[in-house]
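A closer look at the structure
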Amino acid sequence: DATPDQIKAIDHIGSHGRLLAGPGTGKTKTLTHRVLSLVLKHNQVPESILLLTFTRLAAGQLRAEIQKVLAPHDKKVPHIATLHSFALQQILSNFRTVDALPRPIRIADDWEERHIIDEDLKRYLNLPKIEDVKDLINQLSTDWETLRIDEEGWEKQFPNPQFLGAWRQHRQIYGETLRAELVYQLKRQLSQNRDFKLTGEYKHVLIDEYQDLNACDLAIVKELSNRGAEIFVAGDDDQSIYGFRYADPAGIKLFPQFYNGTNKLALEVCFRCDRQIFSAAEFVAGL
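Residues numbered from 1 in each chain as written. Predicted model: local features only at pLDDT ≥ 70, side-chain atom pairs only at ≥ 80, totals over all residues. Heavy atoms only, no water.

**A word on the pattern of salt bridges**
Our working definition: In the sections that follow, a salt bridge refers to a side-chain nitrogen of Lys or Arg positioned within 4 Å of a carboxyl oxygen of Asp or Glu. Under the scheme used here, helices are H or I runs from DSSP no shorter than 4 residues and strands are E runs no shorter than 2 residues, and both carry numbers assigned from the N terminus. Whether a residue is buried, partly exposed or exposed follows from its accessible area with a 1.4 Å probe, protein chains only, as a fraction of its type maximum: under 20%, in between, or over 50%, in that order.
Overall, the coordinates contain 13 salt bridges when judged by the stated rule. Residues Glu47 and Lys76 are paired through a salt bridge, measuring 3.6 Å at the closest nitrogen-oxygen approach. Remark: Lys76 occurs in the loop between α3 (56-70) and β3 (79-82) and Glu47 occurs in the loop between α2 (27-40) and β2 (49-53); sequence separation between them is 29 residues. A relative accessible area of 56% means that Lys76 is categorised as exposed. One network of salt bridges, with partners in common, ties together Lys27, Asp208 and Glu209.

**Here we look at the pairing of β3**
As a reminder of what qualifies: Here a strand pair is declared whenever DSSP counts at least two bridges between the two strands. The definition of a right-handed crossover adopted here requires that, viewed with the strands pointing away, the path from the first strand over the helix to the second runs clockwise.
Across four bridges, β2 lies against β3 in parallel orientation. Within the sheet, the bridge partner assigned to Leu50 lies in β3 and is His79. One crossover worth recording links β2 to the parallel β3 by way of α3, and it is right-handed.

**Structural notes on the environment of Pro78**
To keep things clear, this is the line we draw: Contacts between residues were defined by any pair of non-hydrogen atoms, one from each residue, lying within 4.5 Å.
Checked against the element boundaries, Pro78 lands in the loop between α3 and β3. In this structure the C-alpha to C-alpha distance between Pro78 and Leu50, which are 28 residues apart in sequence, comes to 6.2 Å. In this view, Pro78 contacts Val35, Val39, Pro46, Ile49, Ile66 and Leu70; residues no more than four positions away in its chain are not counted.

**A word on the side chain of Arg18**
Keep this limit in mind: In this tally Asp and Glu are treated as negative and Lys and Arg as positive; neither His nor the chain ends contributes. Polar contacts, as counted here, are pairs of nitrogen or oxygen atoms within 3.5 Å of one another; within protein the pair requires one atom able to donate a hydrogen and one able to accept it, and residues that are adjacent in sequence qualify only if both atoms are side-chain atoms.
Mapped onto the secondary structure, Arg18 falls in strand β1 (residues 17-21). Lacking a salt bridge, the buried Arg18 has Asp237 as its closest oppositely charged neighbour, with an N-O distance of 6.0 Å. A distance of 3.2 Å separates a polar side-chain atom of Arg18 from the backbone oxygen of Lys253. Apart from the residues lying within four places of it in its own chain, the contact partners of Arg18 are Val233, Ile252, Lys253, Phe255, Pro256, Thr262, Asn263, Lys264 and Leu265.

**Quick notes on the nonpolar core**
The nonpolar side chains of soluble globular proteins are, as a tendency, buried together. The criterion, for reference: By convention a nonpolar core is built from buried Ala, Val, Leu, Ile, Met, Phe, Trp, Tyr and Cys residues, the set being connected through side-chain atoms within 4.5 Å.
Membership of the largest hydrophobic core comes to 54 residues, with the highest contact counts inside it found for Phe86, Leu140, Phe163, Val205, Ile207, Tyr210 and Ile231. Broken down by element, the residue count for this core peaks at six residues, all from helix α10 (residues 215-226). Leaving out residues up to four positions away in the same chain, Tyr210 has contacts with Leu218, Val221, Val233, Ala234, Gly235, Gly251, Ile252, Phe255 and Tyr259. In this structure, Ala9, Ala21, Leu36 and Ile66 belong to the second largest nonpolar core, which totals 20 residues.

**Some thoughts on the sheet that holds β3**
To be explicit about the condition: Between the N-to-C directions of two axes lies an angle of 0 to 180 degrees, each axis being a line fitted to C-alpha atoms and, for a helix, fitted only over the stretch in contact.
If you trace the six strands from one edge of the open sheet to the other, you get β3-β2-β4-β5-β1-β6, paired in parallel fashion. The open sheet has two free edges, formed respectively by β3 and β6 (263-267), since each of these has just one partner strand. For this sheet, the mean inter-axis angle between neighbouring strands, taken without regard to orientation, is 15°. Of the strand pairs in this sheet, strand β4 (residues 204-207) and strand β5 (residues 230-235) are connected by four bridges, and their pairing is parallel.

**Some points on the packing of aromatic side chains**
Applicable threshold: Stacked, tilted and edge-to-face pairs are distinguished by plane angle, under 30 degrees for stacked and over 60 for edge-to-face with tilted covering the rest, among Phe, Tyr and Trp rings (Trp via its six-membered ring) whose centres lie within 6.5 Å. We call a charge positioned above a ring when the Lys NZ or Arg CZ atom is no farther than 6 Å from the ring centre and deviates by at most 35 degrees from the ring normal.
With the rule as written, the count across this model stands at six aromatic pairs. Measuring from centroid to centroid gives 5.8 Å for Trp154 and Phe158, while their planes differ by 65°, and the two rings are edge-to-face. Of the two residues examined, Trp154 and Phe158, each falls in the buried class. Where Phe158 meets Phe163, the ring centres are 5.9 Å apart and the plane angle is 10°; that geometry is what we call stacked. No difference in accessibility class separates Phe158 from Phe163, as the two residues are buried. Taken together through their ring pairs, the aromatic side chains of Trp154, Phe158 and Phe163 make up a single cluster. We note Arg34 situated over the ring of Phe232; from NZ or CZ to the ring centre the distance is 4.0 Å. Lying over the aromatic face of Tyr259, Lys222 brings its terminal NZ or CZ to 4.2 Å of the ring centre.

**A look at helix α9 (residues 182-192)**
Counting buried residues in α9 gives eight out of eleven residues, a clear majority hidden from the surface. Listing the buried residues of α9 in full gives Leu182, Val183, Tyr184, Gln185, Leu186, Lys187, Gln189 and Leu190. Summarising the contacts, the buried residues of α9 are in contact with α4 (83-93), α6 (130-146) and α10.

Below, the structure written as structure tokens:
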């Protein structure tokens, strides 16, 4: 049975929503039932719903649970994907209008990146170690994630400007795109390309683990909102595990400031541990 707080979050509709939910409070269950509520109770078209998760495993599990309930009602499963796979799908669907990437769009796999791209760039730039190339690609990835790449004078401030020229020349010759660039390119196309069309007219966008989104991810969510989507985010404002990809927990903490009329929701009942454990944890946290 759902708690009153869960029911409130499940059935909310009509404005943006932020759901703060700590570990063990039933966040995943609430998100799953919210999708079902949109389709079966509020009669929203499944194709108008997008649910973004952080891992393929989470996406697969949610898809299976939702399909099990919707199948007897002869309803399709809404679009459930990771942000990376969603970005790839949208870019491939718009390949004719995406002129920032080599055509045909082809994503380099791990083997190609390590044994061809990295090795070639190491040789072109006369770098002593393959780790030097990896560090530069990681820096480029960081600049995509933080949107530092959009700042004026970014290229001159890059640790090795020659690397950028070599990387661009290599991808022009061989036609590869790095996976790390996909999400940034989706953000860029949504904000700058008037001809860029999403594969669906998304009226409801749900995002799990919102505290783990970085600046580029957050910008994409804002663009989806600008295109008419009602945004519903869920996460824990005290817990972020993706510091290595520059997650910005301020995104969930300040969500009501960025999205006017946000309904502030919360799950406060933990089903994994009792009050004594919570009291002990609060005591330790206060030391």
